[in-house]
Amino acid sequence: MAKSVKRRKVKIKGIIRLTVILGLLIFFIIKLVEWNTSEQNVYYKLEYSEINIMGDYQALIIRNEELLQANASGKITQVEDDGARVKVNQRILDITGVDEGEMATTDYVETNTSSLELTMAEMDEEIHQIKIEIAQKVRTGDYEEIESLSEKLLMKLTTKSEMSDAPSVAEVVTVQDENLSIGEKSPLFTKNSGTLTYYIDGYESLFRYENIPNLKFDEIENLNLEPRLASELYVNAGDIIGKLILGSDYYLLVLVNYNEYNQFDINKDIMIDVGEKTIAGTIENFISTGDKVAIAIHMDQQFQDYYKKRTIEVRIKQETYKGLLVEKSSLIKTNDGYSVYVVDKLNKVQEMPVKIIQYYEDHAIVKSDFFYDFVGDEKTKVKTVSIYDKVILNQEDYAPGDTIK
């Protein structure tokens, strides 16, 4: 009987010991998970990184173009080749009078571009809709969306200020004005210097730099803009026979989403890969168009057939940005710029200013250790984040003085 009681006591002690061991093991597992989860989800350590701003796009080419029109009918003979650089008063082609029965009907049709031009009324409606969206987001407290919508509204207002009620049109130069008898030849001369091309696309009057704010790029990107010969053999009086590209400057316009354009810096040089050639340009403007942004890049270097093509596949590259990599969710908008919440050695949350060098997708590159700021005319050295600092991932969940467990 005594042995049975003793065995029972031993079994109970063993169960208690096992329970305690299991309890401690579960406790340590929970703490380990909490520690890992805390470090992974609450904050992260800053590290150096670099961003290479690069993107592949289809670019629209905007040039200063002058259409050439014939006011005589006949057979054409090219004197200067397509793509030739011509001077003022230079002979470019001959028109020879032929029998009316020999004339072929030309297929030149003027392109109707009115549907591709944004009116002031349409822009006002877009602005009105964004204001309605902002008001709705204010009521629901969606402040992150409010910031992006406000940025979009500001760009549309800026674009509207650059719009014109009367878009400019390409100048049409008449290079001949006479009736030719059969076999009679008449040479055609230029009135300006430039690059000659016999190819047109029908959008010369629309695609002018002055008209850029008025263009509906989201619809234009769906057009077939392949160049075609204006007249292959015969011309009728009034036909467009080609055009001159005036000057050496032109623009490339690429269409990007709203979350992409601020990766690029306005008035900064940018490198463009066209085929196997790399040329330089300068970002001159951002234009709001529908739900996207058109980046206007000023160019003064040419690529093959630039005078003829209307669209081209390009890769645009801006400089490499180096600094500390910060998540966008960590950034706090302040009156003076931006800041983040940093966890100090005592696990206390404190706010620290940051200087953003560049945005990229869901990240930002910021200065490390210190940066300079101006208060009035006085230059001030400002302490900022350093490598391996612990930065709060979601700043909305914490406030200065909180303790991270």
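Look a little higher up for the structure.
Here we summarise the structure given alongside this text. (Residues numbered from 1 in each chain as written. Predicted model: local features only at pLDDT ≥ 70, side-chain atom pairs only at ≥ 80, totals over all residues. Heavy atoms only, no water.)

## Let's talk about the overall build of the protein chain
Along the protein chain, the regular secondary structure elements total 5 helices and 24 strands. Counting the 405 residues in the protein chain, one finds 40% classified as buried. Here the contacts in the protein chain between residues at least 6 apart in sequence split such that 76% fall between residues at least 24 apart. With an accessible surface of roughly 23000 Å², the protein chain has 50% of that area assigned to carbon and sulfur atoms. (Helix = DSSP H or I, 4+ residues; strand = E, 2+ residues; numbered from the N terminus. Buried < 20%, exposed > 50% of the residue type's maximum accessible area, 1.4 Å probe, protein only. Contact = heavy atoms within 4.5 Å. Areas by Shrake-Rupley, 256 points an atom, 1.4 Å probe, with all protein chains shown as cover.)

## Focus: a negative patch on the surface
Together, Glu133, Glu144, Glu145, Glu147, Glu151, Glu396 and Asp397 line one region of the surface with negative charge. With 4 residues, helix 3 (residues 143–162) is the largest single contributor of residues to the negative patch. Assignment of secondary structure puts Glu144 in helix 3. Its relative accessible area of 64% is what places Glu144 among the exposed residues. (Patch = residues over 30% accessible without salt bridge, like charges linked within 9 Å, V, L, I, M, F, W, Y side chains within 5 Å. Salt bridge = Lys/Arg side-chain N within 4 Å of Asp/Glu carboxyl O. Lys, Arg positive; Asp, Glu negative; His and termini not counted. Charge placed at Lys NZ, Arg CZ, Asp CG, Glu CD.)

## Regarding the sheet that holds strand 5 (residues 91–96)
Across the sheet, 4 strands lie side by side as 7-5-3-11; this open sheet has antiparallel pairing. Both edges of this open sheet fall to strand 7 (185–189) and strand 11 (234–235), since each of them pairs with a single strand only. Strand direction decides the pairing type here: strand 3 (residues 74–78) and strand 5, joined by 4 bridges, are antiparallel. When the bridges of strand 5 are listed, Thr77 appears paired with Asp94. (Pairing = 2+ DSSP bridges.)

## Let's talk about the nonpolar core
Formed by 32 residues in total, the largest nonpolar core has its most connected members in Leu252, Ile272, Ile297, Val314 and Ile316. Mapped by element, the contributors of at least two residues to this core are strand 2 (48–70), strand 12 (240–257), helix 5 (258–261), strand 13 (269–274), strand 14 (277–289), strand 15 (292–299) and strand 16 (311–327). Non-local contacts of Val314, meaning those with residues more than four positions away in its chain, are made with Gly55, Asp56, Tyr57, Ala59, Leu252, Val254, Ile272, Asp273 and Val274. Counting 18 residues, the second-largest nonpolar core is a separate cluster that includes Leu68, Ile76, Ile92 and Leu188. (Core = buried A, V, L, I, M, F, W, Y, C linked by side-chain atoms within 4.5 Å.)

## Focus: the pairing of strand 13
By the bridge criterion, 6 bridges tie strand 13 to strand 14 in an arrangement that is antiparallel. Of the residues in strand 14, the one forming a bridge with Ile270 is Gly281. Between the end of strand 13 and the start of strand 14, which pair antiparallel, lie 2 residues, with Gly275 showing a positive phi angle near 60°. The pairing of strand 13 with strand 16 spans 3 bridges and is classified as antiparallel. Paired with Ile272 across the bridge in strand 16 is Ile316.

## Some thoughts on the packing of aromatic side chains
In total, this model carries 9 aromatic pairs according to the counting rule given. Relative to Tyr251, the ring of Tyr209 lies with its centre 3.9 Å away and its plane at 15°, an arrangement referred to as stacked. Taken as a pair, Tyr209 in the loop between strand 9 (199–200) and helix 4 (217–220) and Tyr251 in strand 12 lie far apart in primary sequence, 42 residues in all. With centroids separated by 6.3 Å and ring planes inclined at 90°, the aromatic side chains of Tyr258 and Tyr261 adopt a geometry described as edge-to-face. With Tyr258 and Tyr261 both in helix 5 and 3 residues apart, this pair spans about one turn of that helix. By way of ring pairs, the aromatic residues Tyr250, Phe303, Tyr306 and Tyr307 are connected into one cluster. (Phe/Tyr/Trp six-rings, centres within 6.5 Å; stacked < 30°, edge-to-face > 60°.)

## A word on the side chain of Arg63
For Arg63, the position within the fold is in strand 2. There is a polar contact of 2.7 Å between the side chain of Arg63 and the side chain of Glu65. A distance of 2.5 Å separates the side chain of Arg63 from the backbone oxygen of Lys309, its partner in a polar contact. (Polar contact = N/O pair within 3.5 Å; in protein donor to acceptor, adjacent residues only side chain to side chain.)

## Thoughts on the pattern of salt bridges
With the rule as written, the count across this model stands at 16 salt bridges. A salt bridge links Lys317 to Asp273; the shortest N-O distance between them is 3.2 Å. Of this pair, Lys317 sits in strand 16 while Asp273 sits in strand 13, and the two are 44 residues apart along the sequence. Exposure remark for Lys317: the relative accessible area of 25% places this residue in the partly exposed category. Here Asp273 falls in the buried class, since its relative accessible area comes to 17%. Ionic contacts of the salt-bridge type, sharing partners, join the residues Arg63, Glu65, Asp201, Glu204, Lys243 and Arg310 into one network.

## Topic: the packing of helix 2 (residues 120–140) against helix 3
As a packed pair, helix 2 and helix 3 sit with axes 10 Å apart at the nearest point and diverge in direction by 160°. In terms of orientation, helix 2 lies roughly antiparallel with respect to helix 3. Between helix 2 and helix 3 lies a crossing whose hand is left-handed. Contacts between helix 2 and helix 3 involve Met120, Met123, Asp124, Glu126, Ile127, Ile130, Lys131, Glu133, Ile134, Lys137 and Val138 from the former and Glu145, Ile146, Leu149, Ser150, Lys152, Leu153, Lys156, Leu157, Thr159 and Lys160 from the latter. When grouped by side-chain class, the residues that make up the contact of helix 2 with helix 3 number 10 nonpolar, 2 polar and 9 charged. (Axes fitted to C-alpha atoms, helices over the stretch in contact; angles between N-to-C directions. Parallel < 35°, antiparallel > 145°, perpendicular 65-115°, else oblique. Left-handed = near helix turned anticlockwise from the far one by under 90°. Nonpolar A, V, L, I, M, F, W, Y, C, P; charged D, E, K, R; others polar.)

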